[in-house]
Amino acid sequence: MKTTLIIKDPSSKIKIYSDHMIVTSNTNSAVIGFRHIKELYINKTILITPSEMLKLASFFELFFIDHHGYILATIKLERC
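Draft legend 1. How the structure looks around the side chain of Asp66. By the element assignment, Asp66 lies in the loop between strand 6 (61–65) and strand 7 (71–75). Look at Asp66: it is buried, it has no salt bridge, and the nearest opposite charge is Lys44 at 6.1 Å. Looking at Asp66, its side chain comes within polar contact range of the main-chain nitrogen of His68, at 3.1 Å. A distance of 2.9 Å separates the side chain of Asp66 from the backbone nitrogen of Tyr70, its partner in a polar contact.

See the structure below:
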């Protein structure tokens, strides 16, 4: 079952690999497989490169949110 993932802590760090990512915050870290994510909501202040954004968007919809949780931007790739 795919789930929605929300990363709202601005001090979180994300390392992206070929089929999973590691999310590290001040309190814990988690390894998350891309096949388990339906959509990802990420705080706009978390550092992520454009190539990492495109890689994530190839697996699921990617939304950028502010500190209140409002959606600021969406990255969605068209699939043929």
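Draft legend 2. Looking closely at the nonpolar core. Judged by nonpolar contacts, the single largest core of 20 residues is most densely connected at Ile14, Met21, Leu40, Leu56 and Leu62. Counting only elements with at least two residues in this core, the list comes to strand 1 (3–7), strand 2 (13–16), strand 3 (20–24), strand 5 (37–43), helix 1 (50–57) and strand 6. If near-sequence neighbours (up to four positions away) are discounted, Met21 is found in contact with Leu5, Ile14, Lys15, Ile16, Ala30, Val31, Ile32, Phe34, Ile37, Leu40 and Leu56.

Draft legend 3. Up close: the packing of aromatic side chains. A complete count under the given rule lists 3 aromatic pairs for this structure. Measuring from ring centre to ring centre gives 4.6 Å for Phe34 and Phe59, while their planes differ by 35°; the resulting arrangement is tilted. In this pair, Phe34 sits in the loop between strand 4 (29–33) and strand 5 while Phe59 sits in the loop between helix 1 and strand 6, placing the two residues 25 residues apart along the sequence. When its relative accessible area of 3% is taken as the criterion, Phe34 is described as buried. Seen in terms of ring centroids, Phe34 and Phe60 are 5.8 Å apart; in terms of plane orientation they differ by 65°. Their pairing is edge-to-face. Pair noted here: Phe34 is in the loop between strand 4 and strand 5 and Phe60 is in the loop between helix 1 and strand 6, with a separation of 26 residues, a long-range link. Of the residues examined, Phe60 reaches a relative accessible area of 3% and is grouped as buried. By the ring-pair criterion, three or more aromatic residues cluster together here, those being Phe34, Phe59 and Phe60.

Criteria and cut-off values
Residues numbered from 1 in each chain as written. Predicted model: local features only at pLDDT ≥ 70, side-chain atom pairs only at ≥ 80, totals over all residues. Heavy atoms only, no water. Helix = DSSP H or I, 4+ residues; strand = E, 2+ residues; numbered from the N terminus. Buried < 20%, exposed > 50% of the residue type's maximum accessible area, 1.4 Å probe, protein only. Lys, Arg positive; Asp, Glu negative; His and termini not counted. Salt bridge = Lys/Arg side-chain N within 4 Å of Asp/Glu carboxyl O. Polar contact = N/O pair within 3.5 Å; in protein donor to acceptor, adjacent residues only side chain to side chain. Core = buried A, V, L, I, M, F, W, Y, C linked by side-chain atoms within 4.5 Å. Contact = heavy atoms within 4.5 Å. Phe/Tyr/Trp six-rings, centres within 6.5 Å; stacked < 30°, edge-to-face > 60°.

In short, geometric facts, not functional conclusions.
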